[in-house]
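# Close look at the chain arrangement
What follows is the residue order along each chain.
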Amino acid sequence: MFLRRTERKKNGKTHSYWNVVENKRLDGGRVVQRHVLYLGEINSSQAAAWRKAIEVFDVDAGRARTLSLFPEDRCEAIAADASVVQLRLSEMQLRRPRQWGACWLAGQLWQELQLDRFWADRLPPSRKRTPWDQILQVLATYRLIAPGSEWRLHREWFGNSAMADLLGADFGLAEEHKLYACHDLLLAHKEALFSHLVGRWRDLFNADFDVLLYDLTSTYFEVNASDLPEGTKRRHGYSRDKRPDCPQVVIALVVTPDGLPLAYEVLPGNTADSKTLRMFLGKIEQQYGKARRVWVMDRGVPTEAVLAEMRNSDPPVQYLVGTPKGRLNRLEKHLLEKPWQDAREGVKVKLLAEDGELYVFAQSDDRVSKERAMRRRQLKWLWKRLRQIATMEISREELLMKLGGARSKAPAAWRLVDVEIDKERPSFTFALNRRKLRTARRREGRYLLRTNLTENDPAQLWQYYTQLVAVEEAFRNLKGDLAIRPVFHQDEKRIEAHIFIAFLAYCMQITLTRRLHALAPGLTARSALDKFAAVQMIDVHLPTTDGREILLTRYTHPEPELQLVIDRLKLRLPPQPPPRITTAAVNQTRRRSEDLLT
């Protein structure tokens, strides 16, 4: 294996991307190259570290350990030795293949966050010796690796995984009623978990909490709202999933710029964004004390009253918030008089101080190119669609429906086109509104930010705002990889516990992401879990000549590319489980049971 670099030009800059590649020889003698790992855009020191790791790995790969087995037809000379077990290799059986690698990696993340200690103290075994902490670990691991319903975990996933082997337990961890009952024990420890995580983020990643990112999302339920009980949090509201027909709950989340979560809250689905910030400010102050923190938020989250409270508090709570375009219209004539300043390469700003605040009007060349391409693509599609509709011979009602469909698919482009529908005939005309197009072009890639950090460098303010993508990425992971929806629970407390378990899974995922980021940005948590999932555990049954049976439970040896990842993560695979031998009586009983079943 070796490192390969590929170069790509983007926006006039040359970017270098790295892959780990190995040569594979085909039957005809030809050699092809297989991409083993995509490392992304890494710096020179990281590339040197990967080269060193590959060199070390290639040296170690030559070592082998040879073991001798004694089949029944080759040990006449030592048959008298009672310590020798004679094997019937011709009757060897391989049973119960199950997924081991990703489950083991999830266990390492669980221990790295010290969640095993945290939950052992708070979820002690019940009177019937039910290990609630291990059941919670199973639920969080399932949500991380292959999220689905608790019924699927009980019926299928647990038996196909090596969780029982790794935890030294049995199928009792996946009993259906215990999975649901575990949900009822979790919410009381939410605040303690938040405090615990702050300490772990600080120890593991030297995280600081001077800048906090705050945003909201929603998740919906495909149920009839009239069937829900009074006072439920599942309410109709503004849907970020474009499902206003479904009741939902709102999830508010606070993370660091690195995506490390600090706290979250589940709110009624009709909660307005602007009514959530005051509650979270008090929650963070109560839990972590007063400090000079910078809150970074998108527009629509804070109200004027809350911003005034933040400025007047002691000490002042600092903020940086996106500003609605209506305020840009009001300030545009004042900003035109201001000169552009270079905040950093590709980013220019104009600064306007007003009423104890600083307005930062920023323009990013990269965002201009991106938003302009998006607008052109959408406008091109809309123009083509309007031409198609204009040639159709349809009724007026059908015409209105098709125009409505085109408008819903390309709303931003629709605002740039003037469409006039004939009042008597099923026809229409359309034309490009060039005045609106010029205004849109002028504002592409431009943002108006508002802050009380009046003495900070504009480049730093821009960097703060761009870090909002971290909380958006957290929401994407919760809804995508961790599949927080659909929610199969009906009881509201269990719905919140379901979100709590998804939050735990996200903590494990972001821990893996941060570990991988130090190696190569191109390695994602999902790609690593998929590679580890290839390691299986299997039971090897070796009958002996005296009627007994040796059971070897073994996980498969990792492929070279996975072993390389394990070495770079500084992980060490555990020793293989010791072999077990059954007595003749137990073996005969098992065979009689199998005969009865057949």
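Anyway, here's the lowdown on the structure attached to this text. Treat the numbers as computed from the prediction; the structure is a model and nothing was measured. (Residues numbered from 1 in each chain as written. Predicted model: local features only at pLDDT ≥ 70, side-chain atom pairs only at ≥ 80, totals over all residues. Heavy atoms only, no water.)

### Points about the packing of aromatic side chains
- By the definition in use, this model includes 18 aromatic pairs.
- Ring centres of phenylalanine 158 and phenylalanine 171 lie 5.9 Å apart, and the angle between their planes is 75 degrees; this geometry places the pair in the edge-to-face category. Of this pair, phenylalanine 158 sits in the loop between α5 (150-157) and α6 (163-167) while phenylalanine 171 sits in the loop between α6 and α7 (176-183), placing them 13 residues apart in sequence.
- Site record: aromatic cluster; members linked through ring pairs are Trp100, Trp104, Phe532 and Tyr555. (Phe/Tyr/Trp six-rings, centres within 6.5 Å; stacked < 30°, edge-to-face > 60°. Helix = DSSP H or I, 4+ residues; strand = E, 2+ residues; numbered from the N terminus.)

### Comments concerning the sheet that holds strand β18 (residues 580-582)
- Read across the sheet, four strands follow the order β4-β16-β17-β18 without closing on themselves; strand pairing throughout is antiparallel. Because the sheet does not close on itself, it has two edges, and the strands there are β4 (93-99) and β18. When strand polarity is set aside, the average angle formed by the axes of neighbouring strands in this sheet is 20 degrees.
- Judged from the three bridges that link them, strand β17 (residues 549-555) and β18 form a sheet pairing that is antiparallel. (Pairing = 2+ DSSP bridges. Axes fitted to C-alpha atoms, helices over the stretch in contact; angles between N-to-C directions.)

### Remarks on the environment of arginine 485
- Summarising the element assignment, arginine 485 is placed in the loop between α17 (469-479) and α18 (492-517).
- We classify arginine 485 as partly exposed; its relative accessible area is 27%.
- For the pair formed by arginine 485 and proline 147, sequence separation is 338 residues and the distance between their alpha carbons is 9.6 Å.
- Residues contacting arginine 485, with those up to four places away along its chain left out, are Thr219, Tyr220 and Glu222. (Buried < 20%, exposed > 50% of the residue type's maximum accessible area, 1.4 Å probe, protein only. Contact = heavy atoms within 4.5 Å.)

### Thoughts on helix α4 (residues 132-145)
- Here α4 is 14 residues long and its end C-alpha atoms lie 20 Å apart, about the 20 Å a rise of 1.5 Å per residue gives.
- Counting buried residues along α4, 12 of its 14 residues qualify, which places the element largely inside the surrounding structure.
- Where α4 is concerned, the buried positions are Trp132, Ile135, Leu136, Gln137, Val138, Leu139, Ala140, Thr141, Tyr142, Arg143, Leu144 and Ile145. (Expected span 1.5 Å × (residues − 1).)

### Some details on the nonpolar core
- One finds Leu39, Trp50, Trp119, Trp201, Tyr214, Trp295 and Met310 to be the most contacted residues of the largest nonpolar core, which totals 142 residues.
- Looking at this core element by element, the count peaks at 15 residues for α18.
- Leaving out residues up to four positions away in the same chain, tryptophan 201 has contacts with Leu113, Asn206, Ala207, Phe209, Leu260, Pro261, Leu262, Cys507, Ile510 and Thr511.
- Residues Ile394, Ala406, Ala413 and Phe428 belong to the second largest nonpolar core, which totals 13 residues. (Core = buried A, V, L, I, M, F, W, Y, C linked by side-chain atoms within 4.5 Å.)

### Structural notes on the pattern of salt bridges
- What the rule picks out here adds up to 28 salt bridges.
- Between glutamate 222 and arginine 243 there is a salt bridge, with the nearest N and O atoms lying 3.5 Å from each other. Pair noted here: glutamate 222 is in the loop between β5 (211-220) and β6 (248-255) and arginine 243 is in the loop between β5 and β6, with a separation of 21 residues, a long-range link.
- One connected set of salt bridges, linked through shared partners, spans Arg96, Arg98, Asp165 and Asp539. (Salt bridge = Lys/Arg side-chain N within 4 Å of Asp/Glu carboxyl O.)

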